[in-house]
Amino acid sequence: MINTMTLSYDPPQVAIPQTVRLSFESLKYSTQSAAQPVRLLGTDCLIKPHVTLAAHTSFRVGGPAQWYVTPQRFAELQASFEWAQAQALPITLLGAGSNLLISDRGLPGLVISTRRLRQNQFNLSSGEVTVGAGEPLPRLAWQMAERGLQGMEWAVGIPGTVGGAVVMNAGAHGGCTADYLVNAHVLLPDGTTKILTPQDLRYRYRTSALQGKNWLVTQATFQLQPGFDPATLTDLTNQHYKHRRTTQPYHLPSCGSVFRNPIGHKAGCLIEQAGLKGYQIGGAQIAERHANFILNCGNAVASDIFRLIQHVQQQVEQRWSLNLETEVKILGDFQAL
Ligand SMILES: Cc1cc2nc3c(=O)[nH]c(=O)nc-3n(C[C@H](O)[C@H](O)[C@H](O)COP(=O)(O)OP(=O)(O)OC[C@H]3O[C@@H](n4cnc5c(N)ncnc54)[C@H](O)[C@@H]3O)c2cc1C
């Protein structure tokens with residue numbers, strides 16, 4: 001039985017053809033002055049100037065995007081890429097912003113938010129689920145559990161989008177994106193599309209071949225196990241949810257774990273053993289509950305968090321000669337004024 005359901009009020013996306021050159025002819029954009037929003041003609045989509053990114057990141061810090069757009073349809077995505085290229089502007093891709101530290105100076109160019117790319121199709125018989133890149137992971141976890149599709153229970157506490165999970169190989173509770181992904185559709189800046197398999201994505205711990213590329217994930221297909229008892233899956237999902245709420249600090253803005261675990265070590269343990277729990281710079285603090293979390297205690301700016309990251313790295317390097325790499329993606333200019 002194929003059960004197709006759109007889980008948002010957004011209209012369905014346009015189907016994505018495999019590896020084709022797309023025509024932009026019908027999508028000319030208007031040329032208004034730099035301070036005004038730009039409407040992509042033929043679409044409802046507005047490219048807005050000077051949009052504060054703090055509202056679009058889970059750290060709640062970050063300066064303005066020079067330009068910002070939230071396309072809802074595939075054609076709007078294409079037009080946004082074309083517009084940036086015509087203006088010779090760099091592009092930054094944003095999911096839920098839950099793994100990003102963006103400079104207080106903001107970002108030049110066009111920031112494309114993928115949060116409105118939402119559409120779910122799930123097959124209750126086969127367990128194959130196709131999801132728009134903007135779909136929130138926690139909502140997907142609950143929805144799949146309620147339908148007896150087993151596999152996504154681990155994702156309930158990760159406040160990112162499906163697109164961000166594909167790029168980051170997000171994971172928790174022993175599960176990760178790579179374990180369930182069948183393929184991801186991506187749109188390249190030149191307007192072509194590709195369908196990538198997990199092999200293409202060269203998945204490793206919190207890493208994929210998409211990192212550092214401006215290839216936009218538009219949707220992903222997962223293979224889940226059908227026919228499970230919804231009550232059992234919902235219970236397990238709820239256990240994961242509760243566990244995270246009690247062991248991790250969800251009460252203040254953060255990006256989750258800031259540092260990758262070095263081989264054979266837990267970053268949080270190293271930070272704790274360095275005596276850094278509770279250490280604070282400006283409004284940014286190492287969490288008491290989980291030392292791999294940096295919290296925005298209310299008035300942090302991005303440079304506070306950046307300096308705290310550097311301090312932790314220096315302390316851990318001095319004590320154990322270990323290089324703590326960041327898991328959080330640091331974007332923009334952090335040079336001292
Ligand atoms: C409280 C908290 C708990 C967390 N717990 C976990 C955890 O347990 N496990 C875990 O793995 N992570 C965790 N995270 C981190 C974060 O949620 C994940 O890394 C998540 O996958 C990021 O998704 P996002 O949509 O927010 O991506 P963003 O943070 O917006 O972006 C992350 C990267 O992906 C790129 N990107 C985003 N969307 C797309 C797209 N559609 N196409 C192409 N590139 C894109 C961005 O350019 C950027 O490089 C946690 C974060 C928080 C705040």
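Residues numbered from 1 in each chain as written. Predicted model: local features only at pLDDT ≥ 70, side-chain atom pairs only at ≥ 80, totals over all residues.

(A) Spatial organisation of the overall build of the protein chain. Scanning the protein chain from N- to C-terminus turns up eight helices and 18 strands. Looking at the protein chain residue by residue over its 337 residues, the buried ones come to 42%. Within the protein chain, contacts between residues at least 6 apart in sequence are counted, and of these 66% link residues at least 24 apart. (Helix = DSSP H or I, 4+ residues; strand = E, 2+ residues; numbered from the N terminus. Buried ≥ 20, exposed ≤ 12 C-beta atoms within 10 Å, placed from the backbone. Contact = placed C-beta atoms within 7 Å.)

(B) Region of interest: the confidence of the model for the protein chain. Scored by pLDDT, the protein chain has a mean of 90; 89% of the residues are at 70 or more. This model gives residues 1–33 a pLDDT under 50, and the stretch forms 67 contacts once residues within four places in sequence are excluded. (pLDDT = per-residue confidence, 0-100.)

(C) Helix α1 (residues 74–86), seen in detail. With 13 residues, α1 extends 18 Å from end C-alpha to end C-alpha; this agrees with the ideal 18 Å at 1.5 Å per step. Within the sequence span of α1, burial applies to F74, E76, L77, Q78, A79, S80, F81, W83 and A84. Following α1 by one or two positions, A88 adopts a phi angle in the positive range, close to 55 degrees. (Expected span 1.5 Å × (residues − 1).)

(D) Fine view of the sheet that holds strand β17 (residues 294–296). Ordered in space as β15-β16-β17, the three strands form an open sheet in which the pairing is antiparallel. Looking at the sheet topology across the chains shown, the edges are occupied by β15 (280–281) and β17. Sheet topology note: the strand β16 (residues 284–286)/β17 ladder contains three bridges and is antiparallel. When the bridges of β17 are listed, Q285 appears paired with L295. (Pairing = 2+ DSSP bridges.)

(E) Local environment of the pairing of strand β14 (residues 216–223). With six of its eight residues buried, β14 lies for the most part within the structure. Alignment of strand β9 (residues 128–132) against β14, held across five bridges, turns out to be antiparallel. Within β14, the residue paired with G132 across the bridge is Q219. In the sheet, strand β12 (residues 181–187) pairs with β14 via six bridges, with the strands oriented antiparallel. Bridge pairing links V186 to V217 in β14.

(F) Structural detail: the site of the ligand. With respect to spatial proximity, 32 residues lie near the ligand, and among them G95, G160, G163, G164 and G256 are the closest. Counting only elements with at least two residues in the shell around the ligand, the list comes to β5 (91–94), α3 (162–168), β10 (171–172) and β14. Top element by residues in the shell around the ligand is α3. It accounts for five residues. Looking at side-chain class alone, the shell around the ligand contains 16 nonpolar, 14 polar and two charged residues. (Near = placed C-beta within 6 Å. Nonpolar A, V, L, I, M, F, W, Y, C, P; charged D, E, K, R; others polar.)

(G) Broad picture of the packing of helix α2 (residues 137–146) against helix α6 (residues 230–247). Packing of α2 against α6 leaves a shortest axis separation of 7 Å and a crossing angle of 155 degrees. On the basis of the axis angle, α2 is roughly antiparallel to α6. Between α2 and α6, the residues in contact are A141, W142, A145 and E146 and P230, L233, T234 and T237, respectively. Grouping the constituent residues of the contact of α2 with α6 by class yields five nonpolar, two polar and one charged. (Axes fitted to C-alpha atoms, helices over the stretch in contact; angles between N-to-C directions. Parallel < 35°, antiparallel > 145°, perpendicular 65-115°, else oblique.)

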